[in-house]
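Here's the letter readout for the chains.
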Amino acid sequence: MAAELHVELVAADRSVWSGEATLVIARTTSGDIGVMPGHQPLLGVLESGPVTIRTSEGATVVAAVHGGFISFADDKLSLLAEICELADEIDAQRAERALERAKADDDAAAERRADVRLRAVAVR
């Protein structure tokens, strides 16, 4: 079994993160999943939620992902997101204001996006 897997985290508009990892945790329509080197091949639909990547160097990369797909085979993991932001790119105060606005406007989709962004910031 390999000690690491190659990860590509891509959004519709850009490549977000690429590198070697020992563990990736993501939310799918079937629930949360952890992928480690040697995992069985998989193909799934990503739900909105934080994605946590434990890099081979021991660092943690967290991203807010809003929909997409996850694919794993031959120790290569692809996360293809509709929208994705690294936690380091998220302004927590702006996300909190967006959450308040979404609640006031009764906008469930905007509320979910803001909540995911805040959860990603909390994990980093």
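Looking at an unreviewed UniProt entry, one finds the chain named ATP synthase epsilon chain and attributed to Streptomyces venezuelae. Quoted verbatim from the Subcellular location (unreviewed entry) heading of the UniProt record, the comment on the chain is "Cell membrane". Per UniProt, the chain carries the Sequence similarities (unreviewed entry) text "Belongs to the ATPase epsilon chain family."

Undergrad: Account for the environment of Asp88, with residues named and values stated.
TA: Among the structural elements, Asp88 can be located in the loop between strand S7 (76–86) and helix H1 (92–104). A C-alpha to C-alpha distance of 17 Å links Asp88 and Gly58, two positions 30 residues apart in sequence.

Undergrad: Can you lay out the UniProt feature "domain: ATP synthase F1 complex delta/epsilon subunit N-terminal" (unreviewed entry) in the chain for me, pointing to particular residues and giving the numbers?
TA: Here the UniProt feature "domain: ATP synthase F1 complex delta/epsilon subunit N-terminal" (unreviewed entry) sits at residues 5–82. The span residues 5–82 carries 0% helix and 77% strand; its end-to-end C-alpha distance comes to 22 Å.

Undergrad: Any chance you could break down the domain arrangement of the chain for me, citing the residues and the numbers?
TA: Assigned domains within the chain: domain 1 (3–85) and domain 2 (90–121). Facing the 10 residues of domain 1 at the interface are 7 residues of domain 2. Between domain 1 and domain 2, the buried area comes to about 670 Å², and carbon and sulfur atoms account for 68% of it. The largest per-residue losses of area from domain 1 upon contact with domain 2 belong to Pro50, His66 and Glu85, which jointly make up 53% of the total buried on that side. Counting every contact that joins domain 1 to domain 2 gives 1 salt bridge.

Undergrad: So what's going on with the layout of surface pockets? Which residues, and what values?
TA: It is the rolling of a water-molecule-sized probe over the atoms that shows where space remains empty. Approximately 170 Å³ is the volume attributed to the largest pocket. Breaking the lining of the largest pocket down by element, the ones donating at least two residues are H1 and helix H2 (108–123). By residue number, the principal contributor to the lining of the largest pocket is H2, which donates 4 residues. Looking at the lining of the largest pocket residue by residue, the classes come out as 3 nonpolar, no polar and 5 charged.

Undergrad: Can you break down unusual backbone geometry residue by residue, with the values?
TA: For Asp75, which is not glycine, the phi torsion reads 55° and is therefore positive. Positionally, Asp75 belongs in the loop between strand S6 (60–73) and S7. Of note, Asp106 is a non-glycine position whose phi angle comes to about 55°, a positive value. Relative to the assigned elements, Asp106 resides in the loop between H1 and H2. Residue Asp106 is classed as exposed on the basis of its relative accessible area of 70%.

Calculation criteria
- Residues numbered from 1 in each chain as written.
- Predicted model: local features only at pLDDT ≥ 70, side-chain atom pairs only at ≥ 80, totals over all residues.
- Heavy atoms only, no water.
- UniProt positions renumbered as here; feature names shortened; annotations may be inferred.
- Helix = DSSP H or I, 4+ residues; strand = E, 2+ residues; numbered from the N terminus.
- Domains from an automatic or database assignment.
- Contact = heavy atoms within 4.5 Å.
- Buried area = accessible area lost by both parts, 1.4 Å probe.
- Salt bridge = Lys/Arg side-chain N within 4 Å of Asp/Glu carboxyl O.
- 1 Å grid on protein atoms, 1.4 Å probe; cavity = no way out; pocket = protein on both sides within 12 Å on 5 of 7 lines; lining within 4 Å.
- Points joined across faces, edges and corners; volume = space filled by probe spheres on them.
- Nonpolar A, V, L, I, M, F, W, Y, C, P; charged D, E, K, R; others polar.
- Buried < 20%, exposed > 50% of the residue type's maximum accessible area, 1.4 Å probe, protein only.

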